[in-house]
Protein chains: 2
Amino acid sequence: MPHEYETDGAAIYRQSFAIIRAEADLARFDPDEEPVAVRMIHAAGMVALAPHIRFSAGFARAARAALQAGAPILCDARMVSEGITRARLPAGNAVVCTLHDAATPARATAMGTTRSAAALELWLPHLAGAVVAIGNAPTALFHLLDMLEDPTCPRPAAIIGCPVGFVGAAESKNALWADPPAPCCIVAGRLGGSAITVAAVNALASRAE
Amino acid sequence: MPHEYETDGAAIYRQSFAIIRAEADLARFDPDEEPVAVRMIHAAGMVALAPHIRFSAGFARAARAALQAGAPILCDARMVSEGITRARLPAGNAVVCTLHDAATPARATAMGTTRSAAALELWLPHLAGAVVAIGNAPTALFHLLDMLEDPTCPRPAAIIGCPVGFVGAAESKNALWADPPAPCCIVAGRLGGSAITVAAVNALASRAE
């Protein structure tokens, strides 16, 4: 006998978001931030994510305005760039991931760093006014912060800094949060990852739920 | 001043896995399962994932043998198929995701279900002996179980069933676990997702850490 389950995608989203809003403590988020937090919690499958989500003042407005104005979205991993729902993007925004660019491995060796960090050098022509979405590699977030210590480096409009894991993730997000070179969003601690990062981008791209 | 952080990718993996093995209770996993659980925890950034991971008897051996023999990997979402590290695959295994196939939207409408579920109909020519990796959509896992209730449907070699979320995720994984049509791995409850699913595939593909 076939299993019985909800097969209407829109209804699944509606019910999911209603459960999150019933269970999670979202009171500290303003109306610009709340739908972003809800979608991040949805991607994680975990209302306990809520207390770890942090938005710097004006982040959600800055990121939405940049996307409306056509900003490219710069991603550290293919799981991030592939997860972004193109139909939600307000201006046919470019989605850029340079990790698998042919030049990246040799550049990483020359720089003595990871491919994830070296790939960011190829962001330079796109970085001014961009929305940065780092959901995998702490080394990418650290390298971005180092790049932005150069005052001549172009400034992104907003930074989603949500790398995940046990080595460098919490530290890189703490460094971003302590001295943000642009409005930013983080998930404090070890949690984070490509799905949560994608969810933030998808929420910022469109108010539609 | 540049930030100080580990830039050696291999060292980052080594340190991460050592932290996980020091902090997580992995005693109930056998030597075939343990590296899979470690990598899933790594992807989640959460040692608290450990008690939710379940392997049916012989799952890890069956999935590894299938991959060694060249089994295709059938993925419900592009975030899953894109995350699989091709260099770890033992036999140049095909990685298949039919979600964005041109035929899928019309098929979903005709079937009255989600695109994620309808996309699985296109798995049929690949399903015999395959490794299934469902990391996103509960409707995909439910539909797979319904397909496999037909005794003439080809059998996969192993099923990684880790959809995430608030509506149907726990229920679909419970249904798989209660009556597995093939050796299976689940993350019980709401947790799961593409990164955890990808991590399981990458661990089963190669013993290298």
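Residues numbered from 1 in each chain as written. Chains lettered and ligands numbered in written order. Predicted model: local features only at pLDDT ≥ 70, side-chain atom pairs only at ≥ 80, totals over all residues. Heavy atoms only, no water.

*Asks:* How should the relation of the copies chain B and chain A be read in this particular structure?
*Replies:* Comparison of the two chain copies shows a relationship of rotation about an axis with a shift along it. In the superposition of chain B on chain A (RMSD 0.0 Å, axial shift 0.0 Å), the rotation amounts to 180°. When the rotation and shift are considered jointly, the pair of chain copies conforms to a two-fold rotation axis. Across chain B, the rotation axis passes nearest the C-alpha of B:Met79, at a separation of 2.4 Å. A shared interface surface links the copies, since 100% of the contact residues of chain B are contact residues in chain A too. (Least-squares fit on C-alpha atoms with pLDDT ≥ 70 in both. Contact = heavy atoms within 4.5 Å.)

*Asks:* Even after reading the chapter, I still don't get the pairing of strand E6 (residues 184-187) of chain B, so can you show me in this structure?
*Replies:* In summary, the side chains of a regular strand alternate between the two faces of the sheet. All names here are of chain B. Of the two faces of E6, the one holding Cys 184 and Ile 186 and the one holding Cys 185 and Val 187 are both buried throughout. By the bridge criterion, three bridges tie strand E1 (residues 53-55) to E6 in an arrangement that is antiparallel. Counterpart to Phe 55 in the pairing with E6 is Cys 185. Of the strand pairs in this sheet, strand E5 (residues 158-161) and E6 are connected by three bridges, and their pairing is parallel. Among the inter-strand pairings, Ile 160 is bridged to a residue of E6, identified as Cys 185. (Buried < 20%, exposed > 50% of the residue type's maximum accessible area, 1.4 Å probe, protein only. Helix = DSSP H or I, 4+ residues; strand = E, 2+ residues; numbered from the N terminus. Pairing = 2+ DSSP bridges.)

*Asks:* What am I meant to see in the confidence of the model for chain A here?
*Replies:* Detailed reading of the predicted coordinates is not advisable wherever pLDDT is low. Residues at a pLDDT of 70 or more form 100% of chain A, whose mean pLDDT is 97. In the predicted assembly, ipTM is 0.96 and pTM is 0.97. (pLDDT = per-residue confidence, 0-100.)

*Asks:* What am I meant to see in the packing of helix H1 (residues 9-23) of chain A against helix H2 (residues 34-44) of chain A here?
*Replies:* When two helices pack together, their arrangement is given by the angle between the helix axes and by the axis-to-axis distance. Residues and elements named next belong to chain A. Between H1 and H2, the least distance of the axes is 10 Å, while the angle of their chain directions is 105°. One way to sum up the angle between H1 and H2 is to call them roughly perpendicular. Seen from H1, the contacting residues are Tyr 13, Ser 16, Phe 17, Ile 20 and Arg 21; seen from H2, they are Glu 34, Pro 35, Val 38, Arg 39, Ile 41 and His 42. In the contact of H1 with H2, the residues fall into six nonpolar, two polar and three charged. (Axes fitted to C-alpha atoms, helices over the stretch in contact; angles between N-to-C directions. Parallel < 35°, antiparallel > 145°, perpendicular 65-115°, else oblique. Nonpolar A, V, L, I, M, F, W, Y, C, P; charged D, E, K, R; others polar.)

*Asks:* Any chance you could explain the packing of aromatic side chains here in plain terms?
*Replies:* Counted under the stated rule, the structure contains eight aromatic pairs over all chains. Measuring from ring centre to ring centre gives 5.6 Å for A:Phe29 and A:Phe55, while their planes differ by 75°; the resulting arrangement is edge-to-face. Of this pair, A:Phe29 sits in the loop between H1 and H2 while A:Phe55 is found in strand E1 (residues 53-55), placing the two residues 26 residues apart along the sequence. With relative accessibility at 10%, the residue A:Phe55 sits in the buried group. Geometrically, the ring pair formed by A:Phe142 and B:Tyr5 is stacked, given 4.4 Å between the ring centres and 10° between the ring planes. Of the two residues, A:Phe142 is situated in helix H7 (residues 138-148) and B:Tyr5 in the segment before helix H1 (9-23); the pairing between them involves two chains. Accessibility assignment for this pair places A:Phe142 and B:Tyr5 in one class, buried. Put simply, the rings of A:Phe29, A:Phe55 and A:Phe59 pair up and form one aromatic cluster. (Phe/Tyr/Trp six-rings, centres within 6.5 Å; stacked < 30°, edge-to-face > 60°.)

*Asks:* Just checking my understanding: could you explain the side chain of A:Thr139 for this structure?
*Replies:* Positionally, A:Thr139 belongs in helix H7. By relative accessible area, A:Thr139 is classed as buried at 5%. Of note is the side chain of A:Thr139, whose polar atom sits 2.8 Å from the side chain of A:Thr114. Discounting chain neighbours no more than four positions away, the residues touching A:Thr139 are A:Thr114, A:Ser116, A:Ala117, B:Tyr5, B:Glu6 and B:Ile12. (Polar contact = N/O pair within 3.5 Å; in protein donor to acceptor, adjacent residues only side chain to side chain.)

*Asks:* I'm lost on the UniProt feature "domain: Cobalamin biosynthesis precorrin-8X methylmutase CobH/CbiC" (unreviewed entry) in chain A in this one. Help?
*Replies:* Within this numbering scheme, the UniProt entry marks residues 12-206 of chain A as carrying the feature "domain: Cobalamin biosynthesis precorrin-8X methylmutase CobH/CbiC" (unreviewed entry). As annotated, residues 12-206 of chain A has a helix share of 43% and a strand share of 11%, and its two end C-alpha atoms lie 18 Å apart. (UniProt positions renumbered as here; feature names shortened; annotations may be inferred.)

*Asks:* Just checking my understanding: could you explain the interface of chain B and chain A for this structure?
*Replies:* Many authors give the size of an interface as the accessible area that is lost as the parts come together. The partner chain A presents 43 residues to the 43 residues of chain B that form the contact. With both chains or domains summed, chain B and chain A bury close to 3,500 Å², and 63% of this area falls on carbon and sulfur atoms. Area buried by chain B at its contact with chain A is led by B:Tyr5, B:Met79 and B:Phe166, which between them contribute 21% of it. Inspection of the chain B/chain A interface yields four salt bridges. The tally of links between chain B and chain A comes to ten residue pairs in polar contact (both at pLDDT 80 or more). Listing elements by their share of the side of chain B that touches chain A, those giving two or more residues are H1, helix H2 (34-44), helix H4 (78-83), helix H7 (138-148) and helix H9 (194-205) of chain B. (Buried area = accessible area lost by both parts, 1.4 Å probe. Salt bridge = Lys/Arg side-chain N within 4 Å of Asp/Glu carboxyl O.)

*Asks:* Just to check I follow, could you spell out the sheet that holds E5(B) for this structure?
*Replies:* Sheets are built from strands paired through backbone hydrogen bonds, the pairs being either parallel or antiparallel. Residues and elements named next belong to chain B. With mixed pairing, the six strands of this open sheet are ordered in space as E1-E6-E5-E4-E2-E3. Among the strands making up the open sheet, the edge pair consists of E1 and strand E3 (95-97). Averaged over all pairs of adjacent strands, the angle between their axes in this sheet comes to 15°, without regard to strand direction. Across the sheet, helix H3 (residues 59-68) touches E1, strand E2 (73-75), strand E4 (131-134), E5 and E6, and the angle it forms with E5 is around 115°. Taken strand by strand, helix H8 (residues 169-178) contacts E1, E5 and E6, and its axis lies near 150° from that of E6.

*Asks:* It is not clear to me how H7(A) should be interpreted in this structure. Could you clarify?
*Replies:* Helical geometry note: an α-helix holds 3.6 residues per turn, so side chains three or four residues apart project in the same direction. Within H7(A), eleven of the eleven residues are buried, which leaves the element mostly enclosed by the surrounding structure. Close packing links the buried residues of H7(A) with helix H5 (104-111), helix H6 (115-118), strand E4 (131-134), strand E5 (158-161) and helix H8 (169-178) of chain A together with H1 of chain B.

*Asks:* Explain the packing of H7(A) against H8(A) here, please?
*Replies:* All names here are of chain A. Closest axis-to-axis distance for the H7/H8 pair is 8 Å, and the angle between their directions is 25°. With respect to H8, the element H7 is oriented roughly parallel. Crossing angle aside, the handedness with which H7 passes H8 is left-handed. The residues of H8 that touch H7, namely those facing Pro 138, Leu 141, Phe 142 and Leu 145, are Ala 169, Glu 171, Ser 172, Lys 173, Ala 175 and Leu 176. (Left-handed = near helix turned anticlockwise from the far one by under 90°.)

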